[in-house]
Every structure is written in structure tokens, then in C-alpha cells.
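Single-letter residue listing:
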4 protein chains.
Amino acid sequence: MLEELKEIVYRANLALVEYGLVKLTWGNVSGIDRSKGLVVIKPSGVAYDEMKAEHMVVVDLDGKVVEGNLKPSSDTPTHLVLYRHFEGVGGVVHTHSNWATSFAQAGRGIPALGTTHGDTFYGEVPCTRKLTEEEIRGAYEEETGNVIVETFMGKNPLDIPAVLVNQHGPFSWGKDPMDAVEHAVILEEVATMAFKTIMLSPGIGPMDQALLDKHFLRKHGANAYYGQK
Amino acid sequence: MLEELKEIVYRANLALVEYGLVKLTWGNVSGIDRSKGLVVIKPSGVAYDEMKAEHMVVVDLDGKVVEGNLKPSSDTPTHLVLYRHFEGVGGVVHTHSNWATSFAQAGRGIPALGTTHGDTFYGEVPCTRKLTEEEIRGAYEEETGNVIVETFMGKNPLDIPAVLVNQHGPFSWGKDPMDAVEHAVILEEVATMAFKTIMLSPGIGPMDQALLDKHFLRKHGANAYYGQK
Amino acid sequence: MLEELKEIVYRANLALVEYGLVKLTWGNVSGIDRSKGLVVIKPSGVAYDEMKAEHMVVVDLDGKVVEGNLKPSSDTPTHLVLYRHFEGVGGVVHTHSNWATSFAQAGRGIPALGTTHGDTFYGEVPCTRKLTEEEIRGAYEEETGNVIVETFMGKNPLDIPAVLVNQHGPFSWGKDPMDAVEHAVILEEVATMAFKTIMLSPGIGPMDQALLDKHFLRKHGANAYYGQK
Amino acid sequence: MLEELKEIVYRANLALVEYGLVKLTWGNVSGIDRSKGLVVIKPSGVAYDEMKAEHMVVVDLDGKVVEGNLKPSSDTPTHLVLYRHFEGVGGVVHTHSNWATSFAQAGRGIPALGTTHGDTFYGEVPCTRKLTEEEIRGAYEEETGNVIVETFMGKNPLDIPAVLVNQHGPFSWGKDPMDAVEHAVILEEVATMAFKTIMLSPGIGPMDQALLDKHFLRKHGANAYYGQK
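Position numbers for residues count from 1 along each chain, tracking the sequence in the order it is written. To label them, take the chains in the order written and letter them from A, then take the ligands in the order written and number them from 1. In keeping with the predicted nature of the model, local features appear solely for residues at pLDDT of at least 70, side-chain atom pairs appear and are counted solely at 80 or more, and the whole-chain, interface and lining totals rest on all residues. Remark: hydrogens and water are excluded; side-chain values derive from all non-hydrogen atoms of the structure.

## Notes on the overall build of chain A
Filter applied, for reference: In this text, helices come from DSSP runs of H or I with a minimum length of four residues, and strands from runs of E with a minimum of two, each type numbered from the N-terminal end. Exposure is judged per residue with a 1.4 Å probe applied to protein chains only, and the accessible area is read against the type maximum: over 50% gives exposed, under 20% gives buried, and values in between give partly exposed. In this description, contact between two residues means that some pair of their heavy atoms is separated by no more than 4.5 Å. Working definition of accessibility: Shrake-Rupley area with a 1.4 Å probe, residue cover restricted to the visible protein chains. We treat Lys and Arg as the positive residues and Asp and Glu as the negative residues; His and chain ends play no part in the count. A single reference atom marks each charge: NZ on Lys, CZ on Arg, CG on Asp, CD on Glu.
Each helix and strand in chain A was counted, giving eight helices and seven strands. For chain A, the spread of C-alpha atoms along the three principal axes comes to 50 × 50 × 35 Å. Among the 229 residues that make up chain A, the fraction classed as buried is 63%. Within chain A, contacts between residues separated by at least 24 positions form 65% of all contacts whose residues are at least 6 apart in sequence. By element, 49% of the accessible surface of chain A is carried by carbon and sulfur atoms, the whole surface being about 8600 Å². Of the charged side chains in chain A, 21 are positive and 30 negative; the average position of the first set lies 3 Å away from that of the second.

Structure, rendered in C-alpha cells:
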């Protein structure tokens with residue numbers, strides 16, 4: 001069942017290791033088959049070098065395991081909230097990548113400070129509010145998804161395909177699992193640049209809006225002219 | 001004698017190199033056979049690429065060499081103090097890993113600033129007080145162990161399986177040698193994140209207690225639900 | 001057509017990856033055949049591991065594609081402005097290398113703080129002014145070249161073979177494509193050293209002029225004595 | 001002539017690359033045969049991957065080339081001053097390693113902040129005064145050696161086997177070329193730790209003298225007990 005998507009999700013999980021975004025068993029990638037309403041996700045706490053495509057777990061949008069002998073990632077409920085609320089999202093990634101997590105721990109979003117950021121993120125990558133004690137003690141992983149959705153109220157999640165969960169770390173998403181991984185790579189890169197920029201010029205404001213418009217829109221949307229065709 | 005434990009300790013020492021936690025001949029890992037009261041530890045000042053499992057030295061809990069032609073690590077007395085006082089510890093690691101050592105040099109513990117920390121360390125990783133001149137000039141390596149034990153008075157060392165020795169560097173421990181190595185890896189990672197977080201938000205306080213409880217307890221203790229079974 | 005230059009430009013593009021200066025499909029290198037007035041440049045948005053020498057695109061100095069099935073890099077108009085205005089330049093490189101880009105985002109040039117800098121750059125690597133909204137909304141990539149040329153008014157671009165474009169990132173150049181890549185490598189290295197130096201001594205001024213003269217001129221110009229013959 | 005020493009010096013030069021201390025053609029190592037009064041040193045500006053043992057150049061203590069078809073490193077006169085004034089030194093290394101050079105650019109020595117430092121350097125690694133314009137315009141490379149010797153007046157260079165040349169970078173030395181390379185590795189490591197420590201605790205003073213004595217003297221001198229026999 002969903003063998004092709006399992007292979008894609010499996011490879012996307014390995015890509016997190018290759019890009020240096022995860023340590024030990026940390027991190028997870030999922031992908032969705034929108035026509036079937038089923039999500040494929042990494043199993044919980046399995047070592048990357050022992051993982052195989054067939055270990056990927058299939059769950060429905062309510063979190064019920066439909067196929068697979070292993071428990072799905074403990075972050076599965078967060079992924080599912082994002083799939084339920086963010087139309088057009090085909091893949092979700094969660095890491096504790098070093099620089100992005102440092103911003104999350106500081107409770108600060110990653111401001112749009114230059115064109116590297118603006119090529120992918122159309123504005124600041126926001127940091128969520130902290131979860132309440134009630135949310136933490138309740139359906140914690142689901143509430144993590146809810147606070148992300150709350151943070152994107154009135155925003156198009158495809159224009160800013162990542163978020164920092166306060167005191168936790170980043171989630172990113174994209175049209176498919178590899179696209180979400182690429183956004184995780186870029187997020188980590190812009191986080192390190194933002195850190196250094198802030199150290200060099202502590203009071204720096206965001207980049208010029210016209211420049212942000214130019215860079216985001218030359219790669220995205222109807223008038224994009226970057227890349228082939 | 002203890003050939004299997006020697007192999008385990010040997011591999012755990014090599015893992016320090018693979019994880020980038022040590023340079024040159026720095027660092028050492030030991031493991032204990034609690035039933036025999038014997039400890040296996042890396043020899044002193046031997047190059048990692050010339051080291052073999054049979055070079056591991058066997059000592060009793062008083063530090064007497066029971067087997068092996070090489071001198072045990074000069075830090076052996078510190079390891080032994082930890083085994084004598086910390087029940088349930090099966091492996092001990094000492095490194096001068098870069099970021100954790102920088103906190104030790106600054107005389108600062110590593111605060112619990114996010115869930116990466118809370119997944120493994122149930123609160124701040126403490127920094128010991130400085131040793132007195134008398135302790136330094138006396139049984140220095142043993143006193144180093146003593147000051148660690150003093151630092152954990154009233155705390156469960158398995159809840160916070162690492163420490164920073166002031167002006168020196170980190171020790172970590174775990175249920176076995178590889179577990180102790182994993183804690184050394186995570187310690188270094190949370191040290192770098194804490195550094196960056198503090199640079200971004202100098203006055204930042206520790207993470208919310210409810211979130212720390214949630215993350216530590218979903219991986220540890222009776223109601224853990226992370227990982228497979 | 002220009003097969004040898006295509007091979008050189010192709011290899012120089014791959015060198016960006018080997019030196020760790022680019023991620024994903026970022027970055028581009030071009031080279032010029034001055035006798036023919038033709039420029040060879042990387043295609044837009046192609047993955048480095050799928051790129052071949054024959055994918056390189058040939059354009060004339062007005063940007064018209066003379067050979068090649070792929071679209072040239074979207075930064076081509078910037079490269080062309082530099083070739084038109086900077087005599088003696090045979091190769092141009094653009095990256096978003098991490099440290100140099102952080103200075104660009106901070107709107108700060110990289111000051112000449114030591115001999116590592118002075119061996120290659122005869123003074124501060126300048127940061128351009130910000131582009132105006134009109135420039136951004138107009139022929140943006142060409143205006144990016146124009147603001148670089150403006151920044152070098154009265155300076156010899158071969159004495160300081162790199163620039164930071166404000167809120168964007170570095171361009172470098174050299175007598176040929178590999179020379180321009182080497183300058184990109186050195187720029188990134190002096191950017192990281194400058195960052196750390198500024199953190200250690202925030203008010204530090206530029207290095208002594210006599211020392212800068214000595215180092216630049218022992219490697220460059222009529223009386224150079226560094227290297228073989 | 002001196003084929004064995006050439007091989008040793010050649011391998012020590014390659015070790016600089018393996019340890020990540022040099023970029024491009026930067027850096028150089030030399031070794032001395034005290035009985036013959038001859039020094040073997042890397043040629044100037046040759047790529048590491050094209051270099052062979054037979055390219056090493058033999059010079060006498062006055063800098064006259066005794067054997068070799070290539071020009072010796074432009075830093076040769078600095079090395080020779082060190083061999084003439086520092087008894088017991090058998091190898092000298094010069095790099096522009098990133099962190100140590102940043103301290104040199106900041107005009108700051110690397111303070112002894114912890115036992116990693118104290119195991120090798122018996123006190124602060126000093127930074128020289130700046131050279132005068134006259135020294136720079138005169139026999140510059142020789143004056144660089146002289147200012148190092150001046151910095152060590154009243155100190156034993158074997159107790160602190162490295163120095164930072166102001167606005168330039170580090171030199172290190174040891175009983176033989178590989179020993180000098182190891183000191184360059186450790187210098188770079190303690191430089192990064194010192195930087196981070198200073199960022200965390202800006203007003204931090206040097207480590208306790210008793211702890212420094214303990215660590216340096218357990219590895220060096222008559223009562224050393226670290227390592228094998």
C-alpha cells in the first residue's frame with residue numbers, strides 16, 4: 001500500500017541526515033496521498049542506518065495506523081493537524097536543526113534580512129506563542145499543530161513554508177516531502193545568517209519590501225522567471 | 001577476562017571520534033561489570049587509530065590494575081568515584097568537547113532552554129564549584145569525582161546524566177558505555193544551542209516546567225511513550 | 001563553440017560545491033572569451049550533480065543566448081555589467097556563502113583586519129548601497145551590476161576582487177573563472193575571521209597601512225616575491 | 001640530502017590540510033637537523049595536492065638555499081630566527097588557522113581558561129606587539145621572528161609552544177615537526193573555546209594557578225604521569 005510514497009518519505013528522511021539536519025534518531029518526515037486521505041510517516045525512535053522504506057507507517061488523518069508494525073513518530077498528531085489545515089501541503093518535516101532551534105529557544109522568529117531568505121520565505125519565519133500548561137498536559141502533540149495553525153491565521157502557509165515552535169524547534173512543509181526537506185535546509189541556512197547578521201548589527205530591521213517582493217516573486221507565482229521553463 | 005565489555009568499551013571510545021567529540025588522544029570511556037565489581041577503561045594517551053579492544057585496561061573499584069599491560073587513563077579515579085556513588089550507572093564518558101567545555105570554562109551550567117535539552121536532561125546540566133588548592137594538590141582526579149558527587153547531592157544522576165567540571169570539561173554517564181556516549185553527543189548539541197540562544201536573548205530564563213516535564217517523562221519513566229515498545 | 005571555456009566554467013562551478021560555498025542549486029560562475037566577446041555561464045536552477053559541461057550557456061555581452069538549450073543563470077545581466085566595465089576580469093562568481101552574506105545582510109563591508117585579508121584584498125571589501133525601489137522594479141539584475149560598478153568608482157577592481165551587494169550577498173572576480181572562485185573562498189574565510197575579530201574587539205580599526213602594503217605588494221604587482229617565479 | 005627529514009616535513013605539511021588548519025596553499029612547516037645546522041621547509045606557494053617530499057627545500061641557518069629547485073616559503077626567515085633563538089625546538093609551523101588568527105587580528109592573547117589549554121600551554125599564548133613601519137619596510141619576515149623572540153624574553157618557549165603575531169596569525173613549535181603541528185591543532189581548539197568562553201563570561205579571568213600547574217606538570221617535566229611510560 002502506497003509503496004511509492006513510502007519510498008519517497010523514506011528517502012526524504014535519509015536526506016535529513018545527509019544535509020546534517022538531524023542527530024541520532026531525531027527528526028521526521030511525512031508525506032500525504034490527498035486522494036486517499038492517508039499519510040506515510042517515519043516510525044518513532046528508529047536508527048536512520050537501520051531504517052528501510054517498508055518501516056514507514058501509514059496512518060489516516062485521524063492518526064489511526066492503517067499499515068505498519070511499528071509505532072509512528074510521536075510527532076504524528078502535529079503533522080496531521082498541518083495536513084488538515086494547510087491545503088496544498090504534500091510533505092511535512094520536523095527537525096531540531098541547530099540554528100533554527102536556537103531561535104525557537106530564544107522565542108524569536110527569523111527575520112527576512114536578505115535575498116537568501118526572500119527567495120523562499122515571503123517574510124519573517126514566525127515563532128509561535130508558548131503553549132499553555134493546559135495544552136502541554138492535554139493532547140500535547142496535537143496542540144503543537146494547533147498553535148502552528150493559529151500562528152498562520154491570515155497568512156498563506158505556502159508563502160512561508162516553515163515555523164519555529166517556541167522552546168522546541170522548526171517544522172517545515174512543501175508541495176511534497178523532498179520540497180519540505182529543502183525548506184528545512186534553507187531555513188537552517190537563513191537562521192545561521194540571521195544570527196550572524198544580528199550579532200554584527202543588533203538593531204537591524206527587515207530587508208526592503210521591494211527587494212523581498214522581487215526575489216520571492218521571481219521564483220514563485222505567475223510571473224516567476226527563475227529556473228528552467 | 002571481560003572480553004565482551006572490552007569490545008563494547010573499545011567501540012564506545014571510537015564512537016567519540018566518529019561523533020567529533022575528541023581530538024588527538026583526548027577523551028575516554030569506561031564500562032563496569034557490576035556483578036564482578038570491575039571496570040574496563042581506555043589506556044592513557046594512546047592514539048585512537050592504533051587502539052585495539054585488547055588494549056583496554058581492567059581495574060577494580062579501588063583503581064588496582066587487574067589486567068592489561070598499559071596504564072589506565074589518568075582520569076580513572078574520577079570514573080571510579082562515579083561508579084561507587086551513582087547506582088545504576090554502567091558507563092562513563094569524559095571529553096573536552098568544544099561547546100560543553102566552553103561552558104565549563106565560563107563556570108556556567110547549561111540551562112534547560114528547550115525540548116532538545118528536556119528530552120534527555122531533566123533540568124540544567126550543572127557546573128561544579130571550583131576545586132580548592134588543597135583538592136588540586138591532593139588526590140586531584142579523585143577529588144574531581146568527589147566534587148561531581150557533591151554537585152548531585154539530592155539529585156538523581158540518571159535524570160541529568162552529565163556534568164561540567166569547572167575550568168575543565170564535561171563528564172557524562174548512562175546505563176552502559178554507548179548510552180553514556182549518546183549523552184555526550186546530546187550534551188554537546190544542547191551546549192551549542194544554549195550558547196546561541198543566550199547570544200540572541202541574553203536574559204533568557206529556563207523553559208517552562210510543564211514542557212520540561214512533558215518531554216522528559218514522555219521518553220523516561222513509567223509512562224514513557226516515545227520509541228518502539 | 002568555446003568547448004574549452006565551457007569545461008573551465010563547468011569545473012569552476014563544481015569547485016563552489018567542493019569548497020562548501022553553495023547549497024542546493026545556489027551560486028554561479030561565468031568566464032569570458034574577450035577576443036570573441038562571448039560569455040559562458042551556468043544555466044539557471046540546475047542541480048550541481050546533474051550538470052555537465054555541455055549545459056553551460058553561451059551569451060554575448062548584451063545577454064543574447066548564442067548557444068545552449070537551457071536558460072542562463074538569472075544573474076547573467078549582473079555578470080555582463082561587470083565584464084563590460086571591469087577590464088582584465090576573465091571570470092565572475094556569485095554565491096550566497098554564509099559569512100560573507102551575513103556581512104552583506106548587515107550592510108557592512110569586510111574591513112582589512114589582518115594579513116590574510118591583505119594578501120588578496122588591498123583594503124576593505126566594500127558593501128554597496130541599497131538599490132532603490134526603482135532599480136529593484138526595473139532591470140533588477142542589471143542594476144545590481146551597476147551598483148557594483150558605482151561602488152568601485154575610482155578603485156581598481158583587480159586590487160579588491162570582491163564586493164558585497166547590500167541585503168544580498170557576495171560577487172567576486174579574477175583573471176579567469178578559477179581565480180574568481182579562489183577569491184570567493186578567501187572572501188568567505190576573511191569574513192569569518194572579521195566576524196570573530198569584531199566580536200572580540202568591537203571597536204577595532206583597520207590593520208596598519210604599511211602592513212597592508214607589504215602583504216598585498218609582496219604577492220601582487222611588479223615587485224612581488226611570493227610563490228614560484 | 002636529509003631525505004628522512006624531508007619526508008617528515010612533507011608529511012607534517014600535509015597534516016595541516018588533514019587537520020583543517022590551512023586553505024589553498026596557505027601555511028608551512030619546517031624541521032631542523034641541529035647537528036648539521038640545516039633546515040628543511042615547504043616551498044613557496046605550491047599546491048598541497050601537487051607537493052612531494054622531494055620538493056622540500058634545504059636552507060642553512062642564514063637562509064641560503066643548500067638544496068632544492070624551488071624557492072623556500074616566503075616565511076623562511078621567520079622560521080630561522082626561531083631556530084636560532086629557541087633551543088630545543090626541532091619543528092616550526094605557521095598557519096592562518098581561523099580562530100587563532102581572529103585573536104591575532106584582535107591583538108589579544110589566548111588566555112589560559114581551562115585544563116585543555118593548561119595541558120599544553122603553561123599560561124596565556126601571547127600576542128606580539130605590532131611591528132613598526134620601519135620593521136615592516138625592512139627585513140619584514142626576519143623582524144616577524146624578532147618580535148616573537150622579544151615576546152618570549154624571560155619565558156621558556158617550550159612551556160608555551162605558540163604565539164600570535166599581531167594582525168597576522170599563529171606560529172607554533174615543538175621538539176619535531178609533528179609535535180609543532182599538534183601544538184597548532186591544540187592552539188586552534190583552545191582559541192575557539194576561549195572565544196566562546198569570553199562571549200559567555202566577558203570579564204572572565206585566567207584559570208586558577210594551582211589547576212594550571214597541576215595539568216601542565218602532570219604531562220610535562222620530571223614528575224609527569226600522563227600517557228604510557
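## Points about the sheet that holds strand β3 (residues 57-60) of chain B
Strand pairing in a sheet is mediated by backbone hydrogen bonds. Such pairs are either parallel or antiparallel. Residues and elements named next belong to chain B. For clarity, the threshold we go by: One requirement defines pairing of two strands: DSSP has to find at least two bridges between them. For helices, the fitted axis covers only the stretch in contact; all axes are lines through C-alpha atoms, and the angles between them, taken along N-to-C directions, range from 0 to 180 degrees.
Spatial ordering of the open sheet is given by β4-β3-β2-β1-β5-β7-β6, a layout of seven strands whose pairing is antiparallel. Pairing within the sheet leaves two strands with one partner each, and these edge strands are β4 (65-67) and β6 (162-165). The average undirected angle you get between the axes of adjacent strands in this sheet is 25°. Bridging between β3 and β4 involves two bridges; their strand directions are antiparallel.

## Here's the deal with the interface of chain B and chain D
A common way to report how large an interface is uses the accessible area buried once the components associate. The criterion, for reference: What gets called buried area is simply the loss in accessible area from a 1.4 Å probe that two parts show on being joined, summed for both. What makes a salt bridge here is a side-chain nitrogen of Lys or Arg within 4 Å of a carboxyl oxygen of Asp or Glu, nothing more.
In this assembly, 35 residues from chain B lie in contact with 32 residues from chain D. When chain B packs against chain D, close to 3000 Å² is buried across both sides, 54% of that on carbon and sulfur atoms. If you sort the residues of chain B by the area they bury against chain D, B:Leu24, B:Gln105 and B:Gln167 come out on top, with a joint share of 22%. Seen at the junction of chain B and chain D, the total is three salt bridges.

## As for the nonpolar core
Formally: We define a nonpolar core as any set of buried Ala, Val, Leu, Ile, Met, Phe, Trp, Tyr and Cys residues linked to one another through side-chain atoms lying within 4.5 Å.
Ranked by size, the top nonpolar core spans 192 residues in total, and within it A:Trp173, B:Trp173, C:Trp173 and D:Trp173 carry the most contacts. The greatest single-element share of this core, amounting to 13 residues, is contributed by helix α7 (residues 177-200) of chain B.

## Considering the relation of the copies chain C and chain A
Heads up, the rule is: When the copies are superposed, the least-squares fit takes in the C-alpha atoms of residues with a pLDDT of at least 70 in both.
When chain C is fitted to chain A, the residual RMSD is 0.0 Å, and the transformation amounts to a turn of 90° plus an axial shift of 0.0 Å. Taken together, the rotation and translation describe the operation of a four-fold axis. Scanning chain C for the C-alpha nearest the rotation axis identifies C:Met199, at a separation of 5.7 Å.

## Observations regarding helix α6 (residues 140-151) of chain D
Where we set the bar: Helix span, as expected, comes to 1.5 Å for every residue beyond the first.
Here α6(D) spans 17 Å end to end across 12 residues, near enough to the 16 Å set by a 1.5 Å rise per residue. Taken together, the buried positions of α6(D) are D:Tyr140, D:Glu141, D:Thr144, D:Gly145, D:Val147, D:Ile148, D:Val149 and D:Thr151. Close packing links the buried residues of α6(D) with α4 (115-118) and α8 (209-219) of chain C together with α2 (76-85), α5 (133-137), β6 (162-165) and β7 (169-174) of chain D.

## Re the interface of chain C and chain A
Quick reminder of the rule: Contacts described as polar in this section are N or O atom pairs within 3.5 Å, which, within protein, must combine one atom able to donate a hydrogen with one able to accept it, while residues neighboring in sequence count only if both atoms come from side chains.
Taken together, the contacts link 35 residues of chain C with 32 residues of chain A. Roughly 3000 Å² of surface becomes buried between chain C and chain A when both sides are summed, with 55% attributable to carbon and sulfur atoms. Interface area lost by chain C to chain A is led by C:Leu24, C:Gln105 and C:Gln167, which between them contribute 22%. Summed over the shared surface of chain C and chain A, the number is three salt bridges. Note that C:Lys23 and A:Glu189 form a salt bridge whose closest N and O atoms lie 3.8 Å from each other. On the surface where chain C and chain A come into contact, there are 13 residue pairs in polar contact (both at pLDDT 80 or more). Elements with a minimum of two residues in the side of chain C that touches chain A: α3 (98-106), α5 (133-137), α6 (140-151) and α7 (177-200) of chain C. Sorting elements by how many residues they give to the side of chain C that touches chain A places α3(C) first, with seven residues.

## Quick look at the relation of the copies chain B and chain D
The transform that puts chain B on chain D rotates by 90° and translates by 0.0 Å along the axis, for an RMSD of 0.0 Å. Comparing interface residues between copies, only 3% of those in chain B also lie at the interface in chain D; the contact surfaces differ.

## Examining the environment of A:Pro43
The residue A:Pro43 is located in the loop between β2 (38-41) and β3 (57-60) in this model. Setting aside chain neighbours within four positions, we find A:Pro43 in contact with A:His55, A:Met56, A:Val57, A:Leu70, A:Lys71, A:Pro72, A:Ser73 and B:Gln228.

## As for the pattern of salt bridges
A complete count under the given rule lists 48 salt bridges over all chains for this structure. Measuring nitrogen to oxygen at the nearest pair gives 2.6 Å for the salt bridge that ties D:Glu141 to C:Arg218. Here C:Arg218 lies in helix α8 and D:Glu141 lies in helix α6, a pairing that spans two chains. Here D:Glu141 and C:Arg218 have matching classes, each one buried. In this structure, D:Arg129 engages D:Glu150 in a salt bridge whose closest nitrogen and oxygen atoms are separated by 2.9 Å. On the criterion of sequence distance, the pair formed by D:Arg129 in the loop between α4 (115-118) and α5 and D:Glu150 in helix α6 is long-range, its members being 21 residues apart. Using a relative accessible area of 39% as the deciding quantity, one classes D:Glu150 as partly exposed.

## Describing the environment of C:Thr192
Looking at where C:Thr192 falls in the secondary structure, it is placed in helix α7. Since its relative accessible area comes to 6%, C:Thr192 is described here as buried. In this structure the C-alpha to C-alpha distance between C:Thr192 and C:Tyr48, which are 144 residues apart in sequence, comes to 25 Å. Ignoring anything within four residues of it in the chain, the contact list for C:Thr192 reads C:Trp99 and D:Asn98.

## Side note on the side chain of A:Arg218
With relative accessibility at 4%, the residue A:Arg218 sits in the buried group. A distance of 2.6 Å separates polar atoms of two side chains, one belonging to A:Arg218 and the other to C:Glu141. Setting aside its immediate chain neighbours within four residues, A:Arg218 contacts A:Asp213, A:Ala224, A:Tyr225, A:Tyr226, C:Ser74, C:Asp75, C:Tyr140 and C:Glu141.

## Remarks on the arrangement of the chains
At no point do chain B and chain C touch; the closest pair of C-alpha atoms across them sits 11 Å apart. No interface is formed between chain A and chain D, the nearest pair of C-alpha atoms being 11 Å apart.

## Looking at the pairing of strand β1 (residues 28-33) of chain A
Residue and element names in this part refer to chain A. Of all six residues making up β1, six are buried, and the element is well covered by its neighbours. Side-chain alternation along β1 places Asn 28, Ser 30 and Ile 32 on one buried face and Val 29, Gly 31 and Asp 33 on a second face that is also buried. As defined by bridge partners, β1 adjoins β2 across four bridges and the pair is classed as antiparallel. Note on β2: the bridge partner recorded for Gly 31 is Val 40.

## A few points about the pairing of strand β5 (residues 91-94) of chain A
Residue and element names in this part refer to chain A. Residues of β5 alternate between two faces, with Gly 91 and Val 93 on one and Val 92 and His 94 on the opposite face, all of them buried. Here β5 runs beside strand β7 (residues 169-174); their pairing, made up of four bridges, is antiparallel. Pairing of His 94 across the sheet is with Phe 171, part of β7.

## Remarks on the packing of helix α3 (residues 98-106) of chain A against helix α7 (residues 177-200) of chain A
Residues and elements named next belong to chain A. The criterion, for reference: Orientation labels follow simple angle bins: below 35 degrees gives roughly parallel, above 145 gives roughly antiparallel, 65 to 115 gives roughly perpendicular, and whatever is left gives oblique. Take the far helix as your reference; a near helix turned counterclockwise from it by less than a right angle gives a left-handed crossing, and one turned clockwise gives a right-handed crossing. Amino acid classes used here: Ala, Val, Leu, Ile, Met, Phe, Trp, Tyr, Cys and Pro are nonpolar; Asp, Glu, Lys and Arg are charged; the rest, including Gly, are polar.
At a minimum axis distance of 7 Å, the contact between α3 and α7 shows a crossing angle of 60°. With respect to α7, the element α3 is oriented oblique. In the packing of α3 onto α7, the handedness of the crossing is left-handed. Packed against α3, whose contacting residues are Asn 98, Trp 99, Ala 100 and Phe 103, the element α7 presents Leu 187, Glu 188, Ala 191, Thr 192, Ala 194, Phe 195, Lys 196 and Ile 198 at the interface. Across the contact of α3 with α7, the residue classes break down as eight nonpolar, two polar and two charged.

## Here's the deal with the packing of helix α1 (residues 3-18) of chain D against helix α7 (residues 177-200) of chain D
All names here are of chain D. At a minimum axis separation of 9 Å, α1 and α7 run at an interaxial angle of 15°. As far as their axial angle goes, α7 and α1 are roughly parallel. The interaxial crossing formed by α1 with α7 has right-handed handedness. Between α1 and α7, the residues in contact are Ile 8, Val 9, Ala 12, Ala 15 and Leu 16 and Pro 177, Met 178 and Val 181, respectively.

## Brief notes about the packing of aromatic side chains
The following threshold applies: Any Phe, Tyr or Trp ring, taking Trp's six-membered ring, that has another such ring centre within 6.5 Å forms a pair; planes under 30 degrees apart are called stacked, those over 60 apart edge-to-face, and the others tilted. Ring-over charges, as used throughout, are those where CZ of Arg or NZ of Lys falls within 6 Å of the ring centre and within 35 degrees of the ring normal.
One pass over the structure, following the stated rule, counts 20 aromatic pairs over all chains. With centroids separated by 5.1 Å and ring planes inclined at 65°, the aromatic side chains of D:Trp99 and D:Phe195 adopt a geometry described as edge-to-face. Residue D:Trp99 is located in helix α3 (residues 98-106), and its partner D:Phe195 is located in helix α7; the two are separated by 96 residues in the primary sequence. Taken together, A:Phe86, A:Phe152 and A:Trp173 form an aromatic cluster joined through their ring pairs. Lying over the aromatic face of A:Trp99, A:Lys196 brings its terminal NZ or CZ to 5.5 Å of the ring centre.

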